[in-house]
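Report on the structure
Read off the chains here:
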Amino acid sequence: MKNNHIIKIIKYSFTVIVIMSLFFGFDVIEKYNDKNFPRRLDKVANAYYMKINNIEMPLNNYGILADVSIPPNTAGGKFDERVFLFSGGLFMSGYVNLGTPNEFLWVNGIASASRIQDYQPGPVGSNPTDPKNKLYIVRSDEEPFGASWQEWKTAVELGADFYDGDRDGKYNPVDRNGNGQWDPDEDRPDLLGDETVWCVINDGVPSSQRRFSEVEPLGIEIHQTVFGFSSKGLLGNILFIRYKVINKNPEGKVLDSVYFSLWYDPDLGDYTDDLVGCDVSSLASGYDKFPPEGRSAGYTYNNGDDSDYGSNPPVFLVDLLQGVYVYTGNDSDTSYNMRGPQLGIERLVGYKQLGMSSFSEYFQSFPVEQADPRSKFDFRHYMQGFNRNGIPIDPCSWAYGVVIGGVDCQNVNPKFIFSGDPYRNIGWIQSIEGDVRMMLNTGMFRLRPYQDTAIIIAALIVGRGTSATSSIEEAKRTSDLAQFVYEENFNLFVPPEPRVTVRTTENSIDLMWPTAEQVNFRQKTIAYDQRFEGYE
């Protein structure tokens, strides 16, 4: 797929001296060239500065998002050239030997702001310094069967997915048809969106090097995929992330009562003035809302001006699109695993999809009962939706929030902290700013060794409105688009490209193309209205 640009000069032909390329675009899905796009040599590395759209996201092969410095760029996830995210990662917790005298609670994670790094590059049992254990990057604007497609062979050896066009069970990206284009009977990488960054990590960091040194490595392997679409519109305010979790415990131990957490330390400009909230169901929020089921999302926002972003700081929102599917044996339960346009949709009868089981917040140091975890038990409590001491927070009395707008605080579910609406001033709202971390939790589930796989898909969204709280509405609107893209299995309709005829004279080059296909193109959904905007 070639790059496209919006073209706003409404002409059927025009004269130019030098033409690099012709691009076409719409008000949602617009392609554009990134002049800072790195060389191929820089793309297969231990760290990468992802800049496929409006979000700039450095990441590395340890599973860390944002808190990665790649000169000349500074660390931090950025939007409008300012930091919105200090660090991103994950947490897991559960039990081994459950129900026996040797029952043991384990916790591990990736949270650089909390000085936790329990995962290292590579599959379980591999050497983390092996050159193979790096990031693998593929893009839609690269030539089919080129270098990145060939490098994906090593990614497949490490566990990456691929499209098996010739159905021989092996990844062999060869232009069998000799036409220089990819055809459905040919193999290709698991490319999602316009850029995909893949790596594999495992919890093999020795206990002596961990913050919670009583927890040994368990043989947990995670395949991480970060991808996005090249767009300057709403779609460009989204990155997607997929985690595939596999239990490869060398002793064959089952991981029981497992929680998985999407962990983030947002810094919307000034890190001291942040607040959090979540968008969950009417039942959990204690008041009527639309949509009544909520968005299974958590977010960080400001309630006024920010020293970096000014009068309209953005909102960072994380939308849990796909939780873990668990076996129920009930034929009326059906789950879906969205694998992308090439690999399709996996339909799982007898499985139930888990949603967001709680949303938690903690501060860097104060208040004590909601501060940085001191032990593995503290993290387990946060993952269960409790405070650090394992006690439910009382929306009616907790000093750091208020329930407003006529909502009965007794009807607010304390496991979803600050589930109100700050834009409309209703429900449970955080009232004291700070340096916050947020955790979107899903569970519980069970991972049998080499049998069960937990797949989690989320959207990382930045929304910026005309004021601090209107940015919440913008982020939610973008969340609806992310949900739509997910439900379409990340298969977006591509606007038709102009069919250009070139005519040259002694002093000019004329470009001519019919306009009917572009002018008449329109794709309208509940999330966006994509239509012709013009030529540029």
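Residues numbered from 1 in each chain as written. Predicted model: local features only at pLDDT ≥ 70, side-chain atom pairs only at ≥ 80, totals over all residues. Heavy atoms only, no water.

1. Examining the side chain of Asn202
What counts here: Comment: elements are numbered from the N terminus, with helices defined as DSSP H or I runs of at least four residues and strands as E runs of at least two. Burial classes follow relative accessibility: with a 1.4 Å probe on protein chains only, a residue under 20% of its type's maximum area counts as buried, one over 50% as exposed, and anything between as partly exposed. The term polar contact refers here to a pair of N or O atoms within 3.5 Å; inside protein, the definition further demands a hydrogen-donor-capable atom paired with an acceptor-capable atom, and it admits residues adjacent in sequence only when both atoms are side-chain atoms. Two residues qualify as a contact provided that any one of their heavy atoms is within 4.5 Å of a heavy atom in the partner residue.
Position of Asn202 relative to the elements: it lies in strand E12 (residues 195-202). Note on Asn202: relative accessible area 4%, which makes it buried. Here Gly122 takes part through its backbone oxygen, which lies 2.7 Å from a polar atom of the side chain of Asn202. In this structure the side chain of Asn202 is engaged in a polar contact, spanning 3.2 Å, whose partner is the backbone oxygen of Pro123. Not counting residues up to four positions away in its chain, the partners in contact with Asn202 are Asp118, Tyr119, Gln120, Pro121, Gly122, Pro123, Val124, Ile220 and Glu221.

2. As for the side chain of Thr478
Its place among the elements puts Thr478 in helix H5 (residues 470-487). Exposure remark for Thr478: the relative accessible area of 0% places this residue in the buried category. For Thr478, the side chain forms a polar contact with the main-chain oxygen of Glu474, separated by 2.9 Å. Setting aside anything within four residues of it in sequence, one finds Thr478 in contact with Leu234, Asn237, Ile238 and Ile461.

3. So, the nonpolar core
Using the following cut-off: The criterion is simple. A nonpolar core is a set of buried Ala, Val, Leu, Ile, Met, Phe, Trp, Tyr and Cys residues joined through side-chain atoms within 4.5 Å.
Core analysis: the largest hydrophobic core is formed by 75 residues, its most contacted members being Phe84, Met92, Tyr264 and Phe316. Apart from the residues within four sequence positions on either side, Phe316 is in contact with Phe84, Leu85, Tyr264, Pro266, Leu268, Gly298, Tyr299, Thr300, Met438, Leu460, Ile461 and Val462. Ranked by size, the runner-up nonpolar core spans 31 residues in total, among them Phe229, Phe240, Ala297 and Ala475.

4. Focus: the packing of aromatic side chains
Note the threshold: Here a Phe, Tyr or Trp ring, Trp counted by its six-membered ring, pairs with any other such ring whose centre lies within 6.5 Å, and the pair is stacked when the planes are under 30 degrees apart, edge-to-face when over 60, and tilted otherwise.
Scanning all chains against the criterion turns up 24 aromatic pairs. Ring centres 5.4 Å apart and planes at 50 degrees place the aromatic pair Tyr243 and Phe260 in the tilted group. Placement of Tyr243 in strand E14 (residues 238-247) and of Phe260 in strand E15 (residues 255-266) is noted, with a sequence separation of 17 residues between them. Taking the relative accessible area as the measure of exposure, Tyr243 reaches 0% and is therefore buried.

5. What to know about H5
Note the threshold: Expected helix span is computed as 1.5 Å times (number of residues minus one).
When the terminal C-alpha atoms of H5 are compared, their 26 Å separation across 18 residues agrees well with the 26 Å that a helix rising 1.5 Å per residue should span. The element H5 is largely enclosed, with a buried count of 13 among its 18 residues. One or two positions beyond H5, positive phi appears at Asn489, with a value near 60 degrees.

6. Observations concerning the environment of Leu440
Turning to its location among the elements, Leu440 is positioned in strand E26 (residues 436-447). Judged by its relative accessible area of 2%, Leu440 is buried. In this structure, the C-alpha to C-alpha distance between Leu440 and Leu320, residues 120 residues apart in sequence, is 7.8 Å. Apart from the residues lying within four places of it in its own chain, the contact partners of Leu440 are Phe260, Ser261, Leu262, Ser296, Ala297, Gly298, Val318, Leu320, Met356, Ser358 and Phe359.

7. Quick notes on the pairing of E15
Heads up, the rule is: In short, DSSP must find at least two bridges between two strands for them to pair.
In terms of burial, E15 is a largely internal element, twelve of the twelve residues being buried. Pairing of strand E5 (residues 82-96) with E15, which is carried by nine bridges, proceeds in the antiparallel orientation. Directly across from Gly89, in E15, lies its bridge partner Trp263. Pairing analysis gives eight bridges linking E15 to E26, with the strands arranged antiparallel. Looking at E26, one finds that Trp263 is bridged to Met439.

8. Things to note about the pattern of salt bridges
The condition that has to hold: Salt bridges are counted wherever a side-chain nitrogen of Lys or Arg sits within 4 Å of a carboxyl oxygen of Asp or Glu.
Within this structure, the stated rule accounts for 25 salt bridges. Taking the shortest distance from any N to any O, the salt bridge between Arg139 and Asp141 comes out at 3.1 Å. The buried category is assigned to Arg139, whose relative accessible area is 7%. Lys253 is the partner of Glu251 in a salt bridge, and the nearest nitrogen-oxygen pair spans 3.3 Å. Three or more residues are tied together by salt bridges with common partners; here these are Asp279, Lys289, Arg295, Asp421, Arg424, Glu473, Lys476 and Asp480.

9. What about the pairing of strand E23 (residues 358-363)?
E23 sits mainly inside the fold: six of its six residues count as buried. The side-chain alternation of E23 yields two buried faces, one formed by Ser358, Ser360 and Tyr362 and the other by Phe359, Glu361 and Phe363. Sheet analysis places E23 next to E26, joined by six bridges and oriented antiparallel. Pairing of Glu361 across the sheet is with Met438, part of E26.

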